[in-house]
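Structural overview for review
Spelled out, the chains give:
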Amino acid sequence: MSTQMIICLAISLITVIGYLSNKLPMGVVAMLSLSAFYLTKCITTADAMSYFGNQNLWLCVCMFVCSAGFTRTQFVKNLAKKVNRLAKGSARKIFFGYMILGVILCQFIGQAVAEFSIVAPLLGASMDEIGVKRSKVMYPLVVALLATMAWLPMGAAYSFPMQVNSMFETFGIGNYSMTVLQDMILRTPGILLILIYVVSVGFHLAPEEPPTAISAASIPAQGGQEEKLSPFQEKCGYVIFFGTCGALLISGKIGVDPWLISLIGAVFMVLCRVLKGKQINDALPVPYFAVFAGALSMGGALTNTGAADLIGTLIARMAESVNSSIGVYFIIFIVTFLITQFMLNGAVMWSLMPVILATVKVMGINPIGAAVIIHIAATSAYSTPMSCPAIPLSMAAGGYDFKSVFKQSIIPSVIMCAAGVLWVSFLYPIF
């Protein structure tokens, strides 16, 4: 282990402690972490600047602005009232309805941030209407969205098996081919348990009061503090928000990047004066921006110094030494899961996949189970703001601190691990 690698791991550990201690604002911890990685040459100047220009980051920021404009319209308030009447004021029923809407969207849009940005303003307004704090619903919602991402055989679900099959060919594993149905079947038990959990226990365990202030962009002003939109601005708010959401649904087909779609939507919210003056500044989630850039810097440092490869190599060695299907799959899950809490889940999935496939080829086993276990573990990125862009977004919308997110993540993480490992071991035994 090189000196640079030790330094990188030490800074990463201190960063996590900084988040957990809650002594400093999360944005400050993130920027101190990024600076430390840069000063110790774990990341370069080009790396540091690229994190602030990341496409996912700008997708999130711009969708915050679009959502802020949408929350100013009467549509959100009127829909909340209608939904609440249908649910007879039951917060759990309201949450269930919006969760199902989010799960459906997850089968078409490949960005959890986009789905959360669409559903969260509606869900939040409904909770406000019945006097329930948003902290009760925002984290359970994001867990459900992450777990069900590209789950059913429609739209976004086809990309993962196609990419895995390409890797099979690259590694000369020509006797196997994954289908979208195999990926769905292997993920289904864990996903169903997660959905049941978030509606029941997860909803119950979520904090009654937000541990920190909820982002001003997430909540419309109360009681006459804010000027009402004109009829023209009201219609613009509808058209821009739903137009942006619709364009995100078909972004792959029209060949326009999601970040650009959300940026155009945000610009039009300002040009049409749905948002103006201080409202524009309030809509920009600066702390979230800093946390996300800091998370990217940690992932980049772990990759640049070879720490991520070292961890991947260790998992391969451990897997080869375990003479048990459950044991091998458990090791693959745990290592993937741990790494994805500190690096973006997509990056972890595709950086570990070659290591795992090389290992299973040497072991002479069916690679489909191992590939799906990595997929399940990577979509269990619930515990830290570094794991997935949607987590800090939910933290801003629900007023969570790092500690409250970590506590709420423990049970769903265990559920996904146990269900995934046991079910995959049953259908694709290694020994």
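Heads up: these notes are all about the structure in this document. If you're wondering where the values come from, they're calculated on a predicted model, not measured in any experiment.

Examining the overall build of the protein
Per the secondary structure count, the protein includes 21 helices and 0 strands. Evaluated residue by residue, the protein yields a buried proportion of 56% over its 431 residues. Nonlocal contacts in the protein, meaning residues at least 24 apart in sequence, comprise 82% of its contacts between residues at least 6 apart. Here the protein has roughly 17,800 Å² of accessible surface; of this, 69% comes from carbon and sulfur atoms.

Regarding the environment of Ile14
Looking at where Ile14 falls in the secondary structure, it is placed in helix α1 (residues 3-21). Expressed as a C-alpha distance, the spacing of Ile14 and Val29, which sit 15 residues apart in the sequence, is 9.5 Å.

A word on unusual backbone geometry
Phi is positive for Lys88, close to 55°, though the residue is something other than glycine. You can see Lys88 is positioned in the loop between α5 (74-86) and α6 (91-106). We classify Lys88 as exposed; its relative accessible area is 75%. Residue Ala150 is not a glycine yet carries a positive backbone phi of 50°. Within the fold, Ala150 resides in the loop between α8 (138-148) and α9 (159-170).

Focus: a nonpolar patch on the surface
A surface patch of nonpolar side chains, about 490 Å² in accessible area, is lined by Val201, Leu205, Phe406, Ile410, Ile411 and Val414. Elements that contribute at least two residues to the nonpolar patch include exactly α10 (180-205) and α21 (402-427). Within the element layout of this structure, Leu205 appears in helix α10.

Side note on the nonpolar core
Counting 137 residues, the largest nonpolar core has Phe95, Phe116, Val198, Tyr329, Phe333 and Met353 as its most contacted members. Beyond its immediate stretch of four places on either side in the chain, Tyr329 contacts Gly369, Ala370, Ile373, Val421, Val424, Ser425, Tyr428 and Ile430.

Brief notes about helix α20 (residues 390-398)
In an α-helix, one full turn covers 3.6 residues, which means residues spaced three or four apart are oriented alike. With respect to burial, α20 is a largely interior element, 9 of its 9 residues being buried. Regarding α20, the residues found buried are Ala390, Ile391, Pro392, Leu393, Ser394, Met395, Ala396, Ala397 and Gly398. Just downstream of α20, Gly399 is the residue with a positive phi angle, here 70°.

Quick look at the side chain of Asn165
Among the structural elements, Asn165 can be located in helix α9. Sequence-distant contacts of Asn165, that is, excluding residues within four places in its chain, are made with Ser177 and Met178.

The rules behind each value
- Residues numbered from 1 in each chain as written.
- Predicted model: local features only at pLDDT ≥ 70, side-chain atom pairs only at ≥ 80, totals over all residues.
- Heavy atoms only, no water.
- Helix = DSSP H or I, 4+ residues; strand = E, 2+ residues; numbered from the N terminus.
- Buried < 20%, exposed > 50% of the residue type's maximum accessible area, 1.4 Å probe, protein only.
- Contact = heavy atoms within 4.5 Å.
- Areas by Shrake-Rupley, 256 points an atom, 1.4 Å probe, with all protein chains shown as cover.
- Patch = residues over 30% accessible without salt bridge, like charges linked within 9 Å, V, L, I, M, F, W, Y side chains within 5 Å.
- Salt bridge = Lys/Arg side-chain N within 4 Å of Asp/Glu carboxyl O.
- Core = buried A, V, L, I, M, F, W, Y, C linked by side-chain atoms within 4.5 Å.

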